[in-house]
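Structural features, examined
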Amino acid sequence: MARCDQQCFLSPRFCLQLLVLVFTMGLVVTERVVPMSLRGEVGGNVTFKSPTVKQGKTKYMYLQKGSVYINGYHSTWNITQPVWQNTRVDSSTNEVHMFGLNMSHSGVYDLYIHYSNDPEPTRIIIRLNVTGKYTTPSVTPVCSDENNFKRCIVTCASHGGFPLSSMTWNVFGTENTSNNNWQVLNRTELQSKATKLFTSSSTAYFNCSRGELKFSCSVSGVTSDEHSVCAHQDSLNNPSLIVIITACLVPFLLVILGLCWWRCKKRPIRTVVAQNVVEELKLNGCEEQEAV
């Protein structure tokens, strides 16, 4: 550690600058070390600060990760080290705010604070754990009819999560995958090379022989809405249902056709009868005139 109280030809200002430079390069080992943990989510914000607040003026405060300087301030000297653009220093509260988190921000940080009434600076070791929240699982059903037997293949998928978590199924409030009515076919977890986040998916088979089934999917505490498969309205293309509908419609159509035929046959008969009556009246009228 550099000390400015030694007899040397260095000026006090240069010695102070050298001391700050040594601090910003991460070469200072202090006797007072405080460990703590910090959690954040991808896209969210965190605040690095000392767990204890002391009275008195602060000489300097800065944050670094390994040997990389992140941000900070000094009470009497402007630090010219480049800073992370997603950070902001609050000198009134001795805090460093970090926003726009991603998975690369996970790791161990050192927060150094030196109060004027302390002989040595305090080093706070902060372990930041960044997680990703999985999206609400999307549900994609595909149903088919073969040999008058209906079955459905359903896939649940969620993305943007960390750490790794597998998709689970909730059918009638149970996760029993050996149920005769359904079974899990596979589970898949893929990690993006760019974001380090996971996509979790799973596919299940549903047997529709016993009617409608209700289910939901869950991953890392996030659950989808309740869905249903094998419902009656899903079986409109069932051949047996078509036969039943046809059997009900045919008699009705026959009755309608019969009524139409009867009305068509009845109208010509009335016309012929009426014509005969007119001719008979005319004939009778002529005969009466001749008799007179």
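Residues numbered from 1 in each chain as written. Predicted model: local features only at pLDDT ≥ 70, side-chain atom pairs only at ≥ 80, totals over all residues. Heavy atoms only, no water.

Per an unreviewed UniProt entry, the protein carries the name CD80-like immunoglobulin C2-set domain-containing protein and comes from Amphiprion ocellaris.

1. What to know about the overall build of the protein
Heads up, the condition is: By the criteria applied, helices consist of DSSP H or I runs no shorter than four residues and strands consist of E runs no shorter than two, each listed in order from the N terminus. Any two residues whose heavy atoms approach within 4.5 Å are treated as being in contact. Surface accessibility in these figures is a Shrake-Rupley result with a 1.4 Å probe; residues are shielded only by whichever protein chains are displayed.
In terms of helices and strands, the protein carries two helices and 16 strands. Here the analysis covers contacts within the protein between residues at least 6 apart in sequence; of these, 58% occur between residues at least 24 apart. Accessible area for the protein stands at about 18,600 Å²; split by element, carbon and sulfur atoms hold 56% of it.

2. Comments concerning the state of the cysteines
The line we're drawing: The rule for a disulfide is simple: a pair of cysteine sulfur atoms within 2.5 Å.
Evaluation of the coordinates by the stated rule reveals three disulfides. Note that C156 is cross-linked by a disulfide to C217, the S-S spacing being 1.8 Å. Disulfide C156-C217: torsion about the S-S bond near 45°, hence right-handed. Of the two residues, C156 is situated in strand β10 (residues 149–161) and C217 in strand β14 (residues 213–219); the sequence distance between them amounts to 61 residues.

3. Describing the pattern of salt bridges
Counted only if it meets this: What counts as a salt bridge is simple: a side-chain nitrogen of Lys or Arg found within 4 Å of a carboxyl oxygen of Asp or Glu. Accessible area is worked out with a 1.4 Å probe on protein chains only. A residue is then buried under 20% of its type maximum, exposed over 50%, and partly exposed in between.
Applying the stated rule across the entire model yields one salt bridge. Between D110 and R123 there is a salt bridge, with the nearest N and O atoms lying 3.2 Å from each other. Here R123 lies in strand β8 (residues 122–131) and D110 lies in strand β7 (residues 107–115), a separation of 13 residues in the sequence. Overall, the relative accessible area of 22% leaves R123 in the partly exposed class.

4. Description of unusual backbone geometry
Following F162, the chain continues into P163 via a peptide bond in cis, with omega recorded as 5°. Its identity as a non-glycine residue notwithstanding, N94 has a phi of 55°, on the positive side. Relative to the helices and strands, N94 is located in the loop between β5 (87–90) and β6 (95–98). Look at N94 and you get buried, because its relative accessible area is 9%. The backbone phi angle of K196 is positive, close to 65°, even though this residue is not glycine. Using a relative accessible area of 44% as the deciding quantity, one classes K196 as partly exposed.

5. Some points on a nonpolar patch on the surface
Applied cut-off: Each patch is built from residues that are more than 30% exposed by relative accessible area and take part in no salt bridge. Like charges join if they lie within 9 Å; nonpolar side chains (Val, Leu, Ile, Met, Phe, Trp, Tyr) join within 5 Å.
A surface patch of nonpolar side chains, about 240 Å² in accessible area, is lined by V142, I153 and L185. Structurally, V142 is set in strand β9 (residues 138–146).

6. Notes on the sheet that holds β6
Selection criterion: Strands are treated as partners if at least two bridges between them are detected by DSSP. Only the stretch in contact is used when fitting a helix axis, every axis being a line fitted to C-alpha atoms; angles between N-to-C directions are given from 0 to 180 degrees.
With antiparallel pairing, three strands are arranged side by side in an open sheet as β2-β6-β5. Each edge of the open sheet is held by one strand with a lone partner, namely β2 (46–49) and β5. Adjacent strand axes in the sheet meet at a mean angle of 20° when their direction is disregarded. Where β5 meets β6, four bridges bridge the pair, whose relative direction is antiparallel. The residue of β6 that forms the bridge with V89 is V96.

7. Thoughts on the sheet that holds β9
Taken together, four strands build an open sheet; the order of strands is β9-β10-β13-β12 and the sheet is antiparallel. If you trace the sheet from one side to the other, it starts and ends with β9 and β12 (182–191), each paired once. This sheet shows a mean twist of 15° between the axes of neighbouring strands, independent of strand direction.

8. Observations concerning the side chain of S50
Looking at the element boundaries, S50 is found in the loop between β2 and β3 (58–65). Other than its neighbours up to four places away in sequence, S50 contacts L111, I113 and I124.

9. A look at the pairing of β6
A regular strand carries its side chains on alternate faces of the sheet. On β6, burial covers both faces: E95 and H97 on one face and V96 and M98 on the other are all buried. Note that β2 and β6 share four bridges and pair antiparallel. Across the sheet, residue K49 finds its bridge partner in β6, namely E95. What sits between β5 and β6 in their antiparallel hairpin is a turn of four residues, with N94 showing a positive phi close to 55°.

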